[in-house]
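Summary of the model geometry
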Amino acid sequence: MNKQDFVNNYNMHDSLINDISYSKEKKELVMVIDFAFWMQKNYQTNKPETGLIKVKFSNLKNIIIPEDVKLADISIIQTLIENNSLKFSLINDITNDYLEIIVDSDNIEISKI
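Please read these numbers as outputs of a predicted model, since none were measured by experiment.

1. Things to note about the pairing of strand E7 (residues 98-104)
- Among the seven residues of E7, five are classified as buried, and the element is accordingly described as predominantly covered.
- Two strands pair when backbone bridges link them, and strand E4 (residues 62-64) and E7 are joined in this way by three bridges, in the antiparallel orientation. In the sheet register, Ile63 faces E7, and the bridge partner there is Val103.
- In terms of strand pairing, strand E6 (residues 85-92) meets E7 through six bridges, oriented antiparallel. Bridged to Leu90 within E7 is Leu99.

Next up, the structure:
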């Protein structure tokens with residue numbers, strides 16, 4: 001899917017980042033996210049509220065990732081498209097520091113783990 005479909009179809013607010021792996025050689029970023037199913041339009045109350053998903057960005061044109069950040073404390077505030085890139089607005093739940101991940105890719109795959 002492309003960036004616009006990702007933003008339109010997945011509400012990332014209140015989801016937590018569990019892991020990020022980036023391969024410069026493959027031009028690929030993989031994020032493991034403890035996803036807030038309960039924030040989605042189609043959520044059904046008898047289903048789990050959260051669960052792990054893998055978001056894979058291929059054919060990266062540009063990427064900006066904060067360095068040396070303890071991922072266990074990072075929540076996603078929102079995702080939006082800015083300057084033709086996908087921006088993840090993040091907050092450190094312990095320090096309240098604001099962070100961003102910027103990804104420019106129109107090849108996004110999501111799968112449950």
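After that view of the structure, there is still more to cover.
2. Details of the layout of surface pockets
- The volume enclosed by the largest pocket comes to roughly 460 Å³.
- Every residue lining the largest pocket is counted, 19 residues in all, and those nearest its centre are Tyr10, Phe35, Phe37, Gln40 and Asn42.
- Of all the secondary-structure elements, those providing two or more residues to the lining of the largest pocket are helix H1 (3-9) and strand E8 (107-112).
- The residue inventory of the lining of the largest pocket, partitioned by class, reads nine nonpolar, seven polar and three charged.

3. Structural notes on unusual backbone geometry
- Non-glycine residue Asp14 carries a positive phi angle of around 70 degrees.
- The residue Asp14 is located in the loop between H1 and strand E1 (16-23) in this model.
- Taking relative accessible area as the criterion, Asp14 reaches 39% and is therefore assigned partly exposed.
- The phi dihedral of Asn84 is positive, around 65 degrees, even though this residue is not glycine.
- Positionally, Asn84 belongs in the loop between strand E5 (74-82) and E6.
- Of the residues examined, Asn84 reaches a relative accessible area of 53% and is grouped as exposed.

4. Considerations on the confidence of the model for the protein
- Residue-level pLDDT values for the protein average 95, and 100% of them are 70 or greater.
- Considering each helix and strand of the protein separately, the mean pLDDT is smallest for E1, with a value of 94, and largest for strand E3 (residues 50-58), with 98.

5. Thoughts on the pattern of salt bridges
- Applying the stated criterion to the full structure yields six salt bridges.
- The shortest N-O distance in the salt bridge between Lys3 and Asp104 comes to 3.0 Å. Highlighted residues: Lys3 in helix H1 and Asp104 in strand E7, separated in sequence by 101 residues. Per residue, the accessibility class of Lys3 equals that of Asp104, and both read buried.
- A salt bridge links Lys56 to Glu28, with the nearest nitrogen and oxygen atoms 3.6 Å apart. With Lys56 in strand E3 and Glu28 in strand E2 (residues 28-36), this pair connects stretches of sequence that are 28 residues apart.
- For Lys56, a relative accessible area of 24% gives the class partly exposed.
- On the basis of relative accessibility, which here comes to 18%, the residue Glu28 falls in the buried class.

Rules used in this analysis
Residues numbered from 1 in each chain as written. Predicted model: local features only at pLDDT ≥ 70, side-chain atom pairs only at ≥ 80, totals over all residues. Heavy atoms only, no water. Buried < 20%, exposed > 50% of the residue type's maximum accessible area, 1.4 Å probe, protein only. Helix = DSSP H or I, 4+ residues; strand = E, 2+ residues; numbered from the N terminus. Pairing = 2+ DSSP bridges. 1 Å grid on protein atoms, 1.4 Å probe; cavity = no way out; pocket = protein on both sides within 12 Å on 5 of 7 lines; lining within 4 Å. Points joined across faces, edges and corners; volume = space filled by probe spheres on them. Nonpolar A, V, L, I, M, F, W, Y, C, P; charged D, E, K, R; others polar. pLDDT = per-residue confidence, 0-100. Salt bridge = Lys/Arg side-chain N within 4 Å of Asp/Glu carboxyl O.

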